Structures are given as C-alpha cells and as structure tokens.
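Next come the chains, spelled out residue by residue.
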Amino acid sequence: MHDRITIINHPLIQHKLTLMRKAETSTAKFRSLLKEISLLLAYEVTRDLPLKDEFIKTPLAPMNAPILAPEKKLVIISIQRAGQGILDGMLELIPTARVGHIGLYRDPKTLIPIEYYFKVPQDVDKRDVLVIDPMLATGNTAVAAVERIKSTNPLSIKFICILAAPEGLKHFTEYHPDVPIYTVAVDEYLDENGYIIPGLGDAGDRLFGTK
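Attention in this report is confined to the structure presented alongside it.

What counts, and at which threshold
- Here the residue numbers are simple positions, counted from 1 along each chain's written sequence.
- The predicted nature of this model means local features are confined to residues of pLDDT at least 70 and side-chain atom pairs, given and counted, to a pLDDT of 80 or more, with totals for whole chains, interfaces and linings taken over all residues.
- Neither water nor hydrogens contribute to the side-chain values; these are computed over all heavy atoms in the structure.
- Here a strand is any run of E in DSSP of at least two residues, a helix any run of H or I of at least four, and the numbering for each starts at the N terminus.
- Exposed residues in this analysis have more than 50% of their type's maximum accessible area, buried residues have under 20%, and partly exposed residues fall in between, with area computed by a 1.4 Å probe over protein chains only.
- The definition of a polar contact used here is a pair of N or O atoms within 3.5 Å, where within protein one atom must be able to donate a hydrogen and the other to accept one, and adjacent residues in sequence count solely through side-chain atom pairs.
- Any two residues whose heavy atoms approach within 4.5 Å are treated as being in contact.
- In what follows, salt bridge is the name for a side-chain nitrogen of Lys or Arg lying within 4 Å of a carboxyl oxygen of Asp or Glu.
- Buried residues of nine kinds, namely Ala, Val, Leu, Ile, Met, Phe, Trp, Tyr and Cys, make up a nonpolar core once their side-chain atoms join them within 4.5 Å.
- Two strands form a pair only when DSSP identifies at least two bridges running between them.
- Axis geometry follows a simple rule: fit a line to the C-alpha atoms, using only the stretch in contact for helices, then measure angles between N-to-C directions, giving values from 0 to 180 degrees.

Notes on the side chain of Thr183
Working step 1: Of note, Thr183 is situated in strand β11 (residues 181–183).
Working step 2: The exposure class of Thr183 is buried, given its relative accessible area of 0%.
Working step 3: Within the structure, the side chain of Thr183 is placed 3.2 Å from the backbone oxygen of Ile162, a separation counted as a polar contact.
Working step 4: The contacts of Thr183, once residues within four sequence positions are left out, are Thr6, Ile7, Ile8, Cys161, Ile162, Leu163 and Ala164.

Next comes the structure, spelled out in structure tokens:
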C-alpha cells in the first residue's frame with residue numbers, strides 16, 4: 001500500500017464503523033456514530049500540530065506549559081453533501097478551524113465531476129487544509145476537489161475519509177501522490193455502480209435520511 005495512506009485502526013473507531021455499516025442502523029444513530037468517529041479522526045490527524053511554551057500560573061505555581069502554536073491555522077473543507085457529517089465532529093474538537101465547502105456532482109453520461117459550489121477562507125494560502133468526505137470510491141470527486149483546492153495554494157493538504165476502495169486509493173494517489181490519506185478501513189472493491197463493497201450504502205442518503 002502507498003506510504004501516504006494511513007489506516008486508523010483504533011478499536012473505538014473500528015467498533016463504531018461496524019455499527020454504521022449495519023443496514024438496520026437508523027438515520028439518527030448513523031449521524032451520531034459518524035460524528036463520534038469524526039471527533040476521533042480529528043484527534044489522529046492532528047498529531048503533528050506544533051506546540052509552543054507559554055508562561056502561565058496554576059493555582060499553585062508558575063510554569064511553562066505547551067499550547068498550540070498560534071501560527072498553525074487549519075481550514076476544514078467539506079466535500080458536499082456527505083462531508084457535513086464529518087465536519088460537525090471535527091469542529092467539536094477543533095472549534096477554531098475555519099470552514100470551506102466544495103460542491104461537485106458527477107455528469108450522468110461522462111461521470112466527470114462538475115463543480116457547482118466553492119467557498120473557502122480568503123487566507124487559505126496561510127493555512128493547512130483537511131479535506132473531508134466519508135467515502136473514497138472511484139476517487140473522481142476527491143481528485144477533482146483536491147485539484148481545485150490546490151489552486152488556492154494552501155500550506156498543506158490532508159484527505160480524510162471513513163471508507164475507501166482500492167480503486168479509489170489507486171486513482172487518488174496517482175493524481176495526488178503528495179497528499180496523505182487517512183481512512184478507517186479499505187474495503188474489497190467497487191461494484192458496477194461505483195459503490196464500495198461491502199461498504200455501508202450511500203453515506204449521504206443514510207446521513208440525511210434520503211433515497
């Protein structure tokens with residue numbers, strides 16, 4: 001597997017993913033589980049954030065204590081619409097992060113992603129970007145989204161998903177070998193309709209209760 005791919009196999013995350021996969025899991029429970037997994041994912045993907053010491057006083061004594069380096073600024077960019085489910089959990093852990101959105105849909109004939117919405121903070125070129133989407137299936141949408149985000153010259157980009165297919169990982173790493181991928185699981189294959197198997201169904205439909 002590509003050395004830029006990290007599988008986050010923490011037991012709590014794996015357990016919650018299994019509950020999300022179950023066909024009988026309700027929309028409300030699915031939404032709650034995705035938020036919980038996202039919070040844990042945010043913990044894992046921010047391990048390399050730099051710290052600096054600040055002089056503080058506890059109730060008992062003064063000390064130099066670590067805090068996040070203020071120059072390290074994050075923006076979380078959600079790929080619409082299912083990315084919203086990850087965004088909520090991540091913002092709970094990183095409330096100071098700015099937020100961007102990118103909307104893409106696949107042309108039904110060509111399957112090429114077409115952008116219909118793009119809004120990110122003006123200072124993206126001074127920020128590190130976390131791109132979020134629950135599923136990396138064919139990889140077409142993720143490749144197009146990251147390509148568009150690269151045009152804003154961010155300091156760095158990480159791609160974060162819950163589930164990935166081998167085909168999507170191969171496609172993404174061919175186009176963006178410089179962008180690390182964080183995922184909870186790599187499933188078996190894509191079916192003829194581009195769904196991840198065994199997967200968990202359509203993440204957007206299960207998140208929002210649509211068909």
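A few points about the pattern of salt bridges
Working step 1: Tallying each qualifying case throughout the model produces 11 salt bridges.
Working step 2: Measuring nitrogen to oxygen at the nearest pair gives 2.7 Å for the salt bridge that ties Arg81 to Asp205. Taken together, the residues Arg81 in the loop between β4 (74–80) and α3 (84–93) and Asp205 in helix α6 (residues 203–208) connect sequence positions 124 residues apart.
Working step 3: For Arg81, a relative accessible area of 36% corresponds to the partly exposed category.
Working step 4: For Asp205, a relative accessible area of 18% translates into the label buried.

Quick look at the nonpolar core
Working step 1: Counting residues in each nonpolar core, the largest one holds 36 residues, and the members touching the most others are Leu17, Ile37, Leu41, Met90, Ile160, Ile162 and Leu200.
Working step 2: If you list the elements that add at least two residues to this core, you get α1 (11–21), α2 (27–45), β4, α3, β7 (128–132) and α6.
Working step 3: Per-element accounting of this core gives the leading share, seven residues, to α2.
Working step 4: If near-sequence neighbours (up to four positions away) are discounted, Ile162 is found in contact with Leu17, Leu34, Ile37, Leu41, Ile86, Asp133, Pro134, Thr183, Val184 and Ala185.
Working step 5: In this structure, Leu136, Ile149, Cys161 and Phe172 belong to the second largest nonpolar core, which totals 24 residues.

Examining the sheet that holds strand β6 (residues 113–119)
Working step 1: Across the sheet, seven strands lie side by side as β1-β11-β9-β7-β4-β5-β6; this open sheet has mixed pairing. Two strands lie at the open edges of the sheet, namely β1 (5–7) and β6, each paired on one side alone. For this sheet the average axis-to-axis angle between neighbouring strands, irrespective of direction, equals 20°.
Working step 2: Where β7 and strand β9 (residues 156–160) come together, five bridges link them in parallel fashion. In the strand pairing of β9, Val129 is matched with Ile157.
Working step 3: Docked against the sheet, helix α5 (residues 166–175) engages β1, β9 and β11, running at close to 160° with respect to β11.

So, α3
Working step 1: Among all positions in α3, only Gly85, Ile86, Leu87, Gly89 and Met90 are buried.
Working step 2: Elements that come into contact with the buried residues of α3 comprise α2, β4, β5 (98–106), β7, β9 and α6.

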